[in-house]
Amino acid sequence: METKQAWTGAFESKKSDAFADSFADDVVLEAAVLRKPITGRANVALVLGTASKLYESVTFTHETTNGARSYLEWEAIMPGEPPLHGCTILVRDEAGKTAKAIIQHRPLDGLLAFSAKMGELLAGSSIDPDSFYRKD
């Protein structure tokens, strides 16, 4: 399956393993909502599976590919928060697996609310709690 189709399909399914299927073992997630990158297939899949469940809806509005990179613009609704907009960059390795995902969110208030909620939901998991924004 093409990288961007695997990505959009994973967001539709809202399941961590749907993301993991298209990742390289050493995949890296960099995102505006993170204080530091998340690494490894299981950790990145856990973060993205959790993120997908926060959205009431995600609409991918524009897509393009240039070589090993795919660029996806999107709009998302998270209940009780302002609409989010962003761009995801997916970088494939030589085997066609996603080796890096870079996700940018806006506006700032929505980004901070999203990051804080992710930290709450992933508390006690394998993800370092210092990876996310805390309201305190």
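Residues numbered from 1 in each chain as written. Predicted model: local features only at pLDDT ≥ 70, side-chain atom pairs only at ≥ 80, totals over all residues. Heavy atoms only, no water.

Q: Mind laying out the overall build of the chain, listing which residues take part and the relevant values?
A: Helix and strand counts for the chain come out as four helices and six strands. When its C-alpha atoms are laid out on the principal axes, the chain stretches across 45 × 30 × 25 Å. Relative to its 136 residues, the chain shows a buried fraction of 43%. Relative to all contacts within the chain whose residues are 6 or more apart in sequence, the contacts with residues 24 or more apart total 49%. Per element, the accessible surface of the chain, about 7,000 Å² overall, is 50% carbon and sulfur. Here the chain contributes 15 positively and 19 negatively charged side chains, and the mean placements of these two sets differ by 1 Å. (Helix = DSSP H or I, 4+ residues; strand = E, 2+ residues; numbered from the N terminus. Buried < 20%, exposed > 50% of the residue type's maximum accessible area, 1.4 Å probe, protein only. Contact = heavy atoms within 4.5 Å. Areas by Shrake-Rupley, 256 points an atom, 1.4 Å probe, with all protein chains shown as cover. Lys, Arg positive; Asp, Glu negative; His and termini not counted. Charge placed at Lys NZ, Arg CZ, Asp CG, Glu CD.)

Q: Tell me about empty space enclosed by the protein, and name the residues and values.
A: This structure, assessed with the given rule, holds one cavity of 30 Å³ or more. By volume, the largest cavity is sized at about 170 Å³. Along the wall of the largest cavity there are 20 residues; nearest its centre are Phe11, Leu48, Tyr55, Ile103 and His105. If you tally residues by element for the lining of the largest cavity, the top one is helix α3 (residues 41-54), at three residues. Looking at the lining of the largest cavity residue by residue, the classes come out as 18 nonpolar, two polar and no charged. (1 Å grid on protein atoms, 1.4 Å probe; cavity = no way out; pocket = protein on both sides within 12 Å on 5 of 7 lines; lining within 4 Å. Points joined across faces, edges and corners; volume = space filled by probe spheres on them. Nonpolar A, V, L, I, M, F, W, Y, C, P; charged D, E, K, R; others polar.)

Q: Talk me through the packing of aromatic side chains; I want residue IDs and the actual numbers.
A: Per the counting criterion, the structure on display carries two aromatic pairs. For the ring pair Tyr55 and Trp74, a centre distance of 6.3 Å and an interplane angle of 50° mean the geometry is tilted. Here Tyr55, found in the loop between α3 and β3 (57-66), pairs with Trp74, found in strand β4 (residues 69-77); they are 19 residues apart in sequence, far enough to count as distant. Across the pair, Trp74 and Tyr55 agree in class, each one buried. (Phe/Tyr/Trp six-rings, centres within 6.5 Å; stacked < 30°, edge-to-face > 60°.)

Q: I'd like to hear about the nonpolar core, residue by residue, with values.
A: By size, the foremost hydrophobic cluster in this structure holds 34 residues, and its most contacted members are Trp7, Phe19, Phe23, Leu29, Leu48, Phe114 and Met118. Counting residues per element, the ones that place at least two in this core are α1 (3-13), α2 (16-20), β1 (23-31), α3, β4, β5 (84-92), β6 (98-106) and α4 (108-121). With residues up to four places along the chain from it excluded, the contact list for Leu29 reads Leu34, Pro37, Ile38, Val44, Val47, Leu48, Ala101 and Ile103. (Core = buried A, V, L, I, M, F, W, Y, C linked by side-chain atoms within 4.5 Å.)

Q: Would you mind going over the pattern of salt bridges in detail, with residue names and values included?
A: Using the criterion set out here, one finds five salt bridges in the structure. Note that Asp25 and Arg41 form a salt bridge whose closest N and O atoms lie 2.9 Å from each other. Residue Asp25 is found in strand β1, and its partner Arg41 is found in helix α3; the two are separated by 16 residues along the sequence. Look at Asp25 and you get exposed, because its relative accessible area is 59%. A salt bridge links Asp130 to Arg134, with the nearest nitrogen and oxygen atoms 2.3 Å apart. Take Arg134: its relative accessible area is 43%, and that puts it in the partly exposed class. (Salt bridge = Lys/Arg side-chain N within 4 Å of Asp/Glu carboxyl O.)

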